[in-house]
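Listed below are the residues making up each chain.
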Amino acid sequence: MFERLVSSLKRIRKLGSLADQVLVSGGNFLTIAICAHALPLPEQGKFTYIFASYLGLLMLNVAGIFQGAAVRAPAQDESYQITLARLQLLQAVLISTLVSLAWFGSGDILGWQPTVAEIALLFSFLIMQQMADFDRRTAYIFSEVKRAFMSSALLYPGRLIGLILVQPDTVEQVLEVLIVSSLVPAVIAVYEASRRKAAEAPAWLEASKAHLAYSKLFIAGAPLGWLWTYLPIFMLGTMHGKEQAALLASIRSISNIANVLMEQLETKVVTDWARLHHGDGQRAMKAAAIRLLKIGAAFWLLGMIVVAVLGKEIVALVLGSLYAPHWHLLLIGWLGYGVYFLARVSGIKHRAMGANKVEFVGNIYGVAAAIVAGYALITLFSMSGAAWTYVLIAAAMLVGQKSFANK
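This one's a predicted model, so the numbers in the text were calculated from it and none came from an experiment.

Trainee: Describe the overall build of the protein chain, listing the residues and the values that go with them.
Mentor: Summing up its helical and strand segments, the protein chain has 15 helices and 0 strands in all. Here the C-alpha atoms of the protein chain give a radius of gyration of 21 Å, agreeing with the 22 Å that 2.2 N^0.38 yields for 407 residues. Viewed in the frame of its principal axes, the protein chain has a C-alpha envelope of about 55 × 55 × 50 Å. Expressed as a percentage of its 407 residues, the buried residues of the protein chain come to 51%. Excluding contacts between residues fewer than 6 apart, the proportion of contacts in the protein chain whose partners are at least 24 apart in sequence is 80%. When the accessible surface of the protein chain is split by element, carbon and sulfur atoms take 69% of a total near 19100 Å².

Next comes the structure, spelled out in structure tokens:
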């Protein structure tokens, strides 16, 4: 019986990263859902833009800090974590300032001219959330999954409880809750940056340069990934108003339940496949990819049946009756996620074999599809056109990756 208990605990420990991702993805999803219920549609439109801005910075941080650090950390000394913390703090302040100034100077193009108070809160949220993300993500690199889960547990439950208790009716109140909820992990990350075990300024600047030089291809791909992700939303907001952008983004967030599994591709699968490719060869790794595609296809098909039968009820329950008439966007979104899954598996498979440029080329195809297809479809069909644009983006990425890999 004792051996059975030990075996169960080991299995639970292996699922730690999945539990952490459920907490993070579920926390973000419920944040959007609670705001959709509480906020008037124009305020939800503002929050859609804010969340899109944050995810853009998150992509830059993942590319510029965490992807390279995961590979380089084993060969570095303990000052490396402090170097990364200082780099993250500097990067967070600089890019948060640029994003806030961009919104303050030209937000009216997208139908939202922020007030000084909104900009101040936006700036504070972007910095705090980035530092909180740093605390969680570096735990995977320098500590253990349990430490990452604790960081998430310090943030997301309190955030959701705060939103439920406050019942905000303005985006300013939402930002206040988000800032307070991220305080503890953000302070831990700032403390890490202030530790004095790192070398003097010239030394850590050189270490930062070396890290950024290693990560340059990841960094180049991050803006492309953000562009194809959010260009249709911003184009929809520019052409048809931030309310339609809010409707589409909020309904698409329901499809993001698949991110729980998608992020496992990034945090676990690519490492396992790289090890498999190195030890057992390309054929074994391709067999593992085929098994994953079969599992993903079964999950996607089950989800499509559920959405087709209960889509309207799901949207009404999660977001409210205001969103229910547009439930067909969820159906289109789930179709797009199926195609995106194929593209993601293809890209990660080639990355595991050392071909990093394949995903980069796929992102270029995705941006091109977002611009060309997005302009045509959004002009003609507004929200439905934007939803179908995401399907074509994923298809273009898959075609781009296959074409480049075949060469």
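Trainee: Go over the packing of aromatic side chains, please, and point to the residues and values.
Mentor: In this description, an aromatic ring pair is defined by two values, namely the gap between the centres and the angle between the planes. This model, assessed by the stated rule, comprises 14 aromatic pairs. With a centroid separation of 6.2 Å and 65° between ring planes, the pair formed by Tyr 80 and Phe 142 is classed as edge-to-face. Remark: Phe 142 occurs in helix 5 (residues 116-142) and Tyr 80 occurs in helix 4 (residues 79-106); sequence separation between them is 62 residues. A relative accessible area of 28% means that Phe 142 is categorised as partly exposed. Linked through ring pairs, Tyr 49, Trp 103, Trp 112, Trp 226, Tyr 230 and Phe 234 together constitute an aromatic cluster.

About the cut-offs
- Residues numbered from 1 in each chain as written.
- Predicted model: local features only at pLDDT ≥ 70, side-chain atom pairs only at ≥ 80, totals over all residues.
- Heavy atoms only, no water.
- Helix = DSSP H or I, 4+ residues; strand = E, 2+ residues; numbered from the N terminus.
- Rg over C-alpha atoms; globule rule 2.2 N^0.38 Å.
- Buried < 20%, exposed > 50% of the residue type's maximum accessible area, 1.4 Å probe, protein only.
- Contact = heavy atoms within 4.5 Å.
- Areas by Shrake-Rupley, 256 points an atom, 1.4 Å probe, with all protein chains shown as cover.
- Phe/Tyr/Trp six-rings, centres within 6.5 Å; stacked < 30°, edge-to-face > 60°.

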